[in-house]
Amino acid sequence: MKIDSQHFVQNARIALDNQKLQGALSRFADAFPKLRQQACDGLPEFRELTDIARDIKDHTLENLDFYLEMFEARVAAAGGIVHWARDAEEACSIVRSICTDQGARLVIKSKSMVTEEVELNAALEEAGLRIVETDLGEYIIQLRAEPPSHILAPAIHLTKEDVAETFQGHHHDIERGRGPVERRQLVEEARLVLRDEFLNADVGITGANFLVAETGSVVLVTNEGNADLTASLPRTHIAITGIEKVVPTLENATTMLRLLARSATGQEFGTYTTFFTGPKRPEDPSGPDNFHVVLVDNGRSAMLGTDFQDMLRCIRCSACLNHCPVYHATGGHAYGSNYSGPMGAVLTPSLVGIEKTGHLPNASSFCGRCEEVCPVQIPLPKLMRHWREREFERHLAPSTMRHGLKAWAIIARFPRLYRWVLQRAAGFLRSRARGSSEDGTGWISRLPGIAAGWTRYRDMRAPARATFQKQWRSGRGEQA
Amino acid sequence: MSAREEILKSIRTRLGRGPLQSAVRRELERSMENTRPDLLPAKAQEANKVGAFVERASKEAVTVDRLAVLENVPAAVFHYLRAHGLPRRIVSAPDPVLEGLPWKETEGLELSGGPLSEDGQAVLTRCFAGVAEGGVTVTVSSQQHPVEFNFLAATQIVILEAGQLLGAYDEIWARLRQAGTLPRAVNMLLGPSRSADIEQTLELGAHGPLRLHVLLIGG
């Protein structure tokens, strides 16, 4: 996985100064949480379903070997083949072999974060194959040679003018009228161009939203229908996904589906939800002759039995990104990983190590919204805190933070010294306050040194006149 | 050691155990033999399935036309195509039930059996079930229902009989298990194809149908 997370701080600053990106993000930050809330309100059992979903995933993970072996046996019984990949390289080599054995030239893909993780496209292109992404957002960023900026809506950072410019640069045979850019026309243009690719492709590669052990089925959810075309038209269908995606039964998968679309986009259900089992049957007039599933470990099994096992419950709905104030401010590219937002801040260090990714678990205000909206109840702030602790233990944290924390730890051991320092600091802050807030202490709009990082983007409230302890001693605490 | 063995070993080592004992495996297998829904929401158990289906499907840009009997389908298809200014041509799935409908009685409507390669066509299929819980139409791939009929046309017309309406999604599985192995594709359709990938604004007809029209028979 390509990682640029070590430059999160610089990349975040660039993102904050990018007006176009900020416009796109603010539209997104308003819309998604509202839609999700409406969808959850429409299902009174939502909370109870998240308990069940959490338990299904926990049970499956505790018996993961059993359910993966069952899945493999059922895929084989339906006429398909399961492959196991220890790491990214092995995953790419398996897919490459299937494609070359088929004499394939054109490969179409529907959106899959695992293929981004293992950098499958580059590996296949090296082997001389032409790869076409078919999810509209993914197709746009493929033409632009950019990574996705959101796990669900990969082109969320772009405007329709950006898309029009990209299409003009690549679709030379299309005649366009003059006048303002219409989204409708862009969607039609992509439909026209991609239809030929769908009809001529030799291999279709999809991810999987869920795997069903009971039947050996691969479950795919899209709104465009592109995954269905990808899985149905070429003569070979390869589904590539992480080992943690398996659930025991069709009913368990159904519980997950009741949560997925509501959490992801605020829809009741995806427009197209398909359970694929094996290749086409002898009597089927259409469908692929070959069906392969590639199960990718790539660091996942090593998360079992650790503090990070809960992260393997993730169903990639993106609710945590959609509700994260840090993601809303920086967008996805700043994270320097395909997995961004709170889920990425936990998963990326788990997959590639904390050495290059230490900024990610620190890029959180710990407001807790991510955990609140997670449909499988992953304690994301706690897991980010675990990564912060590991980073600190391994002396990877920046020296200002290490020294600051050490100084605080020394002072905190001497209560009188602690109070004295606190009063001096509070006095200094009050002296810089302007205007008046409700309790008469005012707001601070500029601070020196490292504190400038706070006041550059927002005002800071001045401390109260008396400390909490002082107020408590004078008896006011009881009224508060 | 093969990749398979190594991954399974890594899983077991991390979970602090060896392979599951046969008694435990049997217990897990047994629990899967009597599968039940995890939790059925109240909206999956409403008495008025027809009303619930129509309301929920309509919310997702599905249009529903109520017909008394199957024989009314050709006329309903003709009226739908005319009302939307579409060519009066319909591509029917290779389904004997559809072929047996009184097409000749509807003048001006051209019936064909495909192929489906060019864009802009209208197709007609039957379905496996409708689910009241979400307004979802369910089709399964078969000799009578090639899977691309759900995705390659611009207009998709589906016949759903009121007796095929189920309350919850889970009931699909109970029915399919009775029939044996799952078909290659079980498709759950909720509206025409759409994308909000450009500026988070919904546009219909991303790759698949621009219109999904359900002809609901009886009820």
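Note that the coordinates shown come from a computational prediction; the quantities given were computed from them, not determined experimentally. (Residues numbered from 1 in each chain as written. Chains lettered and ligands numbered in written order. Predicted model: local features only at pLDDT ≥ 70, side-chain atom pairs only at ≥ 80, totals over all residues. Heavy atoms only, no water.)

**Topic: the domain arrangement of chain A**
And step 1. What the domain assignment lists for chain A is domain 1 (43–301) and domain 2 (416–479).
And step 2. Using C-alpha coordinates to define each centre, domain 1 of chain A is positioned 52 Å away from domain 2 of chain A. (Domains from an automatic or database assignment.)

**As for the pairing of strand β1 (residues 81–85) of chain A**
Residues and elements named next belong to chain A.
And step 1. Most of β1 sits inside the fold, with 4 of its 5 residues counted as buried.
And step 2. Sheet topology note: the β1/strand β10 (residues 290–296) ladder contains 5 bridges and is parallel. Counted as the bridge partner of V82 is V293 from β10. (Buried < 20%, exposed > 50% of the residue type's maximum accessible area, 1.4 Å probe, protein only. Helix = DSSP H or I, 4+ residues; strand = E, 2+ residues; numbered from the N terminus. Pairing = 2+ DSSP bridges.)

**Examining unusual backbone geometry**
And step 1. The residue N298 of chain A is not glycine, and still its phi comes out positive at about 50°.
And step 2. Tracing the backbone shows N298 of chain A in the loop between β10 and α13 (319–322).
And step 3. Using a relative accessible area of 17% as the deciding quantity, one classes N298 of chain A as buried.
And step 4. Positive phi, normally seen in glycine, also occurs at Q200 of chain B, with a value near 50°.
And step 5. On the secondary structure map, Q200 of chain B appears in the loop between β10 (194–195) and β11 (203–204).

**Remarks on the environment of D135 of chain A**
And step 1. With respect to the helices and strands, D135 of chain A occurs in the loop between β3 (130–133) and α8 (136–144).
And step 2. With relative accessibility at 10%, the residue D135 of chain A sits in the buried group.
And step 3. Measuring from C-alpha to C-alpha, the distance between D135 of chain A and S110 of chain A comes to 5.6 Å, with 25 residues separating the pair along the chain.
And step 4. Residues contacting D135 of chain A, with those up to four places away along its chain left out, are K109, K111, P154, E224 and N226 of chain A together with D197 of chain B.
And step 5. Within polar-contact distance, the side chain of D135 of chain A engages the backbone nitrogen of E138 of chain A at 3.0 Å. (Contact = heavy atoms within 4.5 Å. Polar contact = N/O pair within 3.5 Å; in protein donor to acceptor, adjacent residues only side chain to side chain.)

**Quick look at the packing of helix α12 (residues 250–265) of chain A against helix α6 (residues 170–178) of chain B**
And step 1. Close contact between α12 of chain A and α6 of chain B brings their axes to 9 Å; oriented N to C, the two are set at 155°. Taken together, the axes of α12 of chain A and α6 of chain B are roughly antiparallel relative to one another. Here α12 of chain A runs over α6 of chain B; the crossing is right-handed. Of α6 of chain B, the residues touching α12 of chain A (which contributes L250, E251, T254 and R258 of chain A) are D170, W173 and R177 of chain B.
And step 2. Classifying every residue of the contact of α12 of chain A with α6 of chain B gives 2 nonpolar, 1 polar and 4 charged. (Axes fitted to C-alpha atoms, helices over the stretch in contact; angles between N-to-C directions. Parallel < 35°, antiparallel > 145°, perpendicular 65-115°, else oblique. Left-handed = near helix turned anticlockwise from the far one by under 90°. Nonpolar A, V, L, I, M, F, W, Y, C, P; charged D, E, K, R; others polar.)

**Looking at the nonpolar core**
And step 1. Among the nonpolar cores identified, the biggest contains 200 residues, and F71, F275 and M311 of chain A together with V73 of chain B are the most heavily contacted of them.
And step 2. When neighbours within four sequence positions are excluded, M311 of chain A is seen to be in contact with M303, M343, V346, L347, I378, L380 and L383 of chain A. (Core = buried A, V, L, I, M, F, W, Y, C linked by side-chain atoms within 4.5 Å.)

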